[in-house]
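# Topology and contacts: notes
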Amino acid sequence: MIPAAFDYLAPATLEEAIRALGTHGEEVKLLAGGHSLLPLMKLRLASPTLLVDLGRIPSLGLISQEGDKILIGALSTHYQIESSKLLKEKCPLLPQTARVIGDVQVRNRGTIGGSLAHADPAADMPAPILALAGELRATGPQGERRLKAEDFFLGLMATALSPTEILTEIRVPLLSGRCGTAYLKAPQKASGFALVGVAVWLKLSASGICEDIGIGVAGLAAKPFRAKGVERRLRGKNLNPSLIEEAASHTAQGVDPMEDIHASGEFRADLARLYAARAIQEAAKRAGV
Amino acid sequence: MAARTKVSIRINGTAYSHEVEPRLLLVHYLRDVVGLTGTHIGCETSICGACTIMLNGAAVKSCTVLTVQADGGEVLTIEGLAQGEELHPIQEGFWECHGLQCGYCTPGMILSTYQLLLRDSKPSEDEIRHAIDGNLCRCTGYQHIVDAVQYAAKKLRQKAVGNRILDPI
Ligand SMILES: Cc1cc2nc3c(=O)[nH]c(=O)nc-3n(C[C@H](O)[C@H](O)[C@H](O)COP(=O)(O)OP(=O)(O)OC[C@H]3O[C@@H](n4cnc5c(N)ncnc54)[C@H](O)[C@@H]3O)c2cc1C
Ligand code: FES
Ligand code: FES
């Protein structure tokens, strides 16, 4: 359980970190909270020769408001997100999700940026970021890039980030009006990771019509996705349990569900249907349906 | 071999400085280099919580932190809790309520309790169970641990001035 030897750099600025990523002849890896990378290195499933620790760049770990957006530094820990007053009031879907990640110690170290960049199909954070249509910002040698959450996840542990880019910030909307949110997951019993996790935010009009809705699904497929077919069936409608159940039955439509020792594809698809229905119902209740 | 790196870490109030390999895990540093063997190694795979310590005010599994990541930091381990012969109220709670049998999980349980009570001076039973979710105990069945945490919370509240019942180390 001891990682292979590596060199270690802890730059104090983003610019230095980007330069270090371009070090030739080295297999370079960024280190954030280390709670996905270090376990892999201890098992020697990853053996980088140079680690660039982002942990000494304090500006990457801030949560703040700018206009109608909330800016979350990539190095913000799950605990920071879980306990942020700003997020709890203005975008509760993220604290609701952060709270069910791993355990206290994991949430104290693991970061939102690490979780998104790692793109483990069973990770929780991608689901709410997709539901909220978040924007991701990454900086590399060519400067800053903006990526839509939907364009960020490419497949099993694959993202649109290039090896020389650093994810710096995640932007989510400030929720106002009659909004409701919920994240529900069916955890794998031993690890707590999501067999399926569904994140929902929705907005109701004054008369109770579902004006807008976003649904993100983790765990079901090799890449987390937005359940657009379900959203379409609910937008502009008066939400009621039978409509929600009917719409949720389309969650796994057109999706190739993952199969492993924890759950068959069929079971995962059924869980997705059930958890989507429950999460939509819960979000609707919180919005006052 | 990778270059060694100099680290300076305050552990239980004492300053330590060593040259270490970047791959040295914090738990191995505490046990093998500094000689503080109160922090246990159970699984070494981030699951059991036996290696839990406080690093800069946050409970962490020290088998999943590199020593170099703790450079310049402040560490609290089980050895730093008692004042001489006087047990810390959390230790006293585990003693009084039979919160341990073999004791293997106990240092980690106690540090996770420390984290909880730093953030919440009056946790409910549910909150206590949520807070020790990352710590496995194969002996007690957890109920006595929950009792021990409640005992400690009460005792600390009685001693506290204002809202804060613990110092954030
Ligand atoms: C016991 C345990 C239980 C867990 N349970 C859950 C769970 O229930 N749900 C869940 O979602 N997760 C869970 N996790 C994973 C945890 O949330 C991780 O912390 C997270 O997935 C990765 O974040 P990190 O900051 O630790 O990243 P690291 O491990 O430091 O990095 C992960 C990867 O992302 C890259 N990376 C990191 N930051 C950046 C960046 N800013 N830009 C570009 N690349 C970057 C790294 O190079 C590395 O390849 C668990 C982990 C453990 C150990
Ligand atoms: S030894 Fe660190 S979590 Fe088990
Ligand atoms: S007392 Fe034996 S493992 Fe907890």
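Values in this document were obtained by computation on a predicted structure and should not be read as measured data.

Calculation criteria
- For every chain, the first residue of its written sequence is number 1, and the numbers climb from 1 along that sequence.
- Following the order in which they are written, the chains are lettered starting with A and the ligands numbered starting with 1.
- Under the rules for a predicted model, residues below a pLDDT of 70 receive no local features and side-chain atom pairs below 80 are neither given nor counted, while totals for whole chains, interfaces and linings still include all residues.
- Side-chain figures throughout are based on the complete set of non-hydrogen atoms in the structure, without hydrogens or water.
- What counts as a helix is a DSSP run of H or I of at least four residues, what counts as a strand is a run of E of at least two, and both are numbered from the N terminus.
- For this measure, only C-alpha atoms enter the radius of gyration; the expected value for a globule follows 2.2 Å times N^0.38, where N is the number of residues.
- Throughout, exposure labels follow a simple rule: accessible area from a 1.4 Å probe, protein chains only, divided by the maximum for the residue type, with under 20% read as buried, over 50% as exposed, and the rest as partly exposed.
- Contacts are assigned to residue pairs that have any heavy atoms within 4.5 Å of one another.
- With residues, only the protein chains shown are counted as cover, and all accessible areas are computed by Shrake-Rupley using a 1.4 Å probe.
- A positive count includes Lys and Arg, and a negative count includes Asp and Glu. His and the chain ends are not counted in either.
- Every charge is mapped onto a representative atom, which is NZ of Lys, CZ of Arg, CG of Asp or CD of Glu.
- Put plainly, a pocket is an open set of points on a 1 Å grid over the protein atoms alone with protein on both sides within 12 Å along at least five of seven lines, a cavity is a set where a 1.4 Å probe fits but cannot get out, and a lining residue has an atom within 4 Å of a point.
- Grid points are joined across faces, edges and corners, and a volume is the space filled by probe spheres set on the points.
- Pairing between strands requires that DSSP locate at least two bridges from one strand to the other.
- With axes taken as lines fitted to C-alpha atoms, and helix axes fitted only over the stretch in contact, angles between N-to-C directions fall between 0 and 180 degrees.
- Aromatic pairing here means that ring centres of Phe, Tyr or Trp (its six-membered ring) are within 6.5 Å. Orientation follows from the plane angle: under 30 degrees is stacked, over 60 is edge-to-face, and everything else is tilted.
- Whether a charge lies above a ring is judged from NZ of Lys or CZ of Arg, which has to be within 6 Å of the ring centre and within 35 degrees of the ring normal.
- Residue proximity to a molecule or strand is established when one non-hydrogen atom of the residue lies within 4 Å of it.
- In the analysis that follows, any N or O atom pair within 3.5 Å is treated as a polar contact, provided that within protein one partner can donate a hydrogen and the other can accept it, and provided that, for residues neighboring in sequence, both atoms belong to side chains.
- Polar here means any residue other than Ala, Val, Leu, Ile, Met, Phe, Trp, Tyr, Cys and Pro, which are nonpolar, and Asp, Glu, Lys and Arg, which are charged; Gly is therefore polar.
- Summarising the geometry, the arc corresponds to the directions from the helix axis toward the C-beta atoms.
- Residues enter a nonpolar core if they are buried and are Ala, Val, Leu, Ile, Met, Phe, Trp, Tyr or Cys, with the set joined through side-chain atoms within 4.5 Å.
- Salt bridges, as used here, are contacts in which a Lys or Arg side-chain nitrogen is within 4 Å of a carboxyl oxygen on Asp or Glu.

## Description of the overall build of chain B
A count of helical and extended segments in chain B gives five helices and five strands. Reading chain B from its N terminus to its C terminus gives the helix and strand order β-β-α-β-β-β-α-α-α-α. Over its C-alpha trace chain B gives a radius of gyration of 16 Å, about what one expects of a compact globule, namely 15 Å for 169 residues. Reported as C-alpha extents along the three principal axes, the dimensions of chain B are approximately 50 × 35 × 30 Å. Per-residue burial for chain B yields a buried fraction of 52% across its 169 residues. Taking as baseline every contact in chain B between residues at least 6 positions apart, the subset at least 24 positions apart corresponds to 57%. For chain B, the exposed area adds up to about 7500 Å²; of that, 48% sits on carbon and sulfur atoms. Across chain B, the mean location of the 15 positive side-chain charges is 2 Å away from that of the 18 negative side-chain charges.

## Examining the layout of surface pockets
By volume, the second largest pocket is sized at about 580 Å³. Along the walls of the second largest pocket sit 24 residues, with G55, T77, N108 and R109 of chain A together with N56 of chain B positioned nearest its centre. Counting only elements with at least two residues in the lining of the second largest pocket, the list comes to α3 (78–83) and α6 (104–109) of chain A together with β4 (58–61) of chain B.

## Points about the sheet that holds strand β2 (residues 14–20) of chain B
Residues and elements named next belong to chain B. An order of β2-β1-β5-β3-β4 is seen for the five strands of this open sheet, with the pairing classed as mixed. Each end of this open sheet is capped by a strand with a single partner; those strands are β2 and β4. Direction aside, the axes of adjacent strands within the sheet are offset by 40° on average. The sheet contact formed by strand β1 (residues 5–11) and β2 spans seven bridges and is antiparallel. By the bridge assignment, I9 is partnered in β2 with Y16. Where helix α3 (residues 106–119) meets the sheet, its contacts fall on β3 (52–55), β4 and β5 (74–76), and the angle it forms with β3 comes to roughly 40°.

## Some words on the packing of aromatic side chains
Within the structure shown, the criterion is met by one aromatic pair over all chains. Across from the ring centre of Y275 of chain A, 5.4 Å away, lies the NZ or CZ of R278 of chain A, which sits over that ring.

## Observations regarding the site of ligand 1
Near ligand 1 you find 30 residues, and of these L30, H35, L37, T111 and D124 of chain A are the closest. The site occupied by ligand 1 is bordered by residues of chains A and B. Within the side chain of K185 of chain A, a nitrogen or oxygen atom sits 3.2 Å from an oxygen atom of ligand 1. Computed on the free molecule, ligand 1 has an accessible area of 980 Å², of which 94% lies beneath the protein chains in the complex. A total of four residues in the shell around ligand 1 trace back to one element, the largest contributor, which is helix α7 (residues 112–118) of chain A. Partitioned by chemical class, the residues of the shell around ligand 1 number 14 nonpolar, 13 polar and three charged.

## Description of helix α1 (residues 14–21) of chain A
Residues and elements named next belong to chain A. Listed in full, the buried residues belonging to α1 are L14, A17, I18, A20 and L21. Take α1 and look down its axis: the buried residues cluster within an arc of 160°, on one side only. Facing away from the buried side of α1, by more than 90 degrees, are the exposed residues E15 and R19. In this structure, the buried side of α1 is in contact with β1 (7–9), β2 (28–31), β3 (50–53), β6 (135–140) and β10 (166–173).

## Examining the nonpolar core
Generally speaking, nonpolar side chains in soluble globular proteins are found buried as a group. Residue and element names in this part refer to chain A. L94, L116, I129, L136 and V172 are the most contacted members of the largest nonpolar core, which has 38 residues in total. With sequence-adjacent residues up to four places away left out, L116 is seen in contact with M125, P126, I129, L136, F152, F153, T159, L167 and I170. Grouped together as the second largest cluster of nonpolar side chains are 34 residues, F225, A272, A276 and A277 included.

## What about the sheet that holds strand β4 (residues 63–66) of chain A?
All names here are of chain A. Within the open sheet, the five strands sit side by side as β4-β5-β10-β6-β7. Their pairing is antiparallel. Pairing within the sheet leaves two strands with one partner each, and these edge strands are β4 and β7 (143–148). Adjacent strand axes in the sheet meet at a mean angle of 25°, parallel and antiparallel pairs treated alike. Judged from the six bridges that link them, β6 and β7 form a sheet pairing that is antiparallel. Pairing of E135 across the sheet is with K148, part of β7.

## Thoughts on the pattern of salt bridges
Residue and element names in this part refer to chain A. With the rule as written, the count across this model stands at 24 salt bridges over all chains. Its salt-bridge partner being R235, residue E231 comes within 3.0 Å of it at the nearest N-O pair. Residues R268 and D260 are paired through a salt bridge, measuring 3.0 Å at the closest nitrogen-oxygen approach. Exposure remark for R268: the relative accessible area of 3% places this residue in the buried category. Each of E150, D212, R226, K228, E231 and R235 takes part in one network of salt bridges that share partners.

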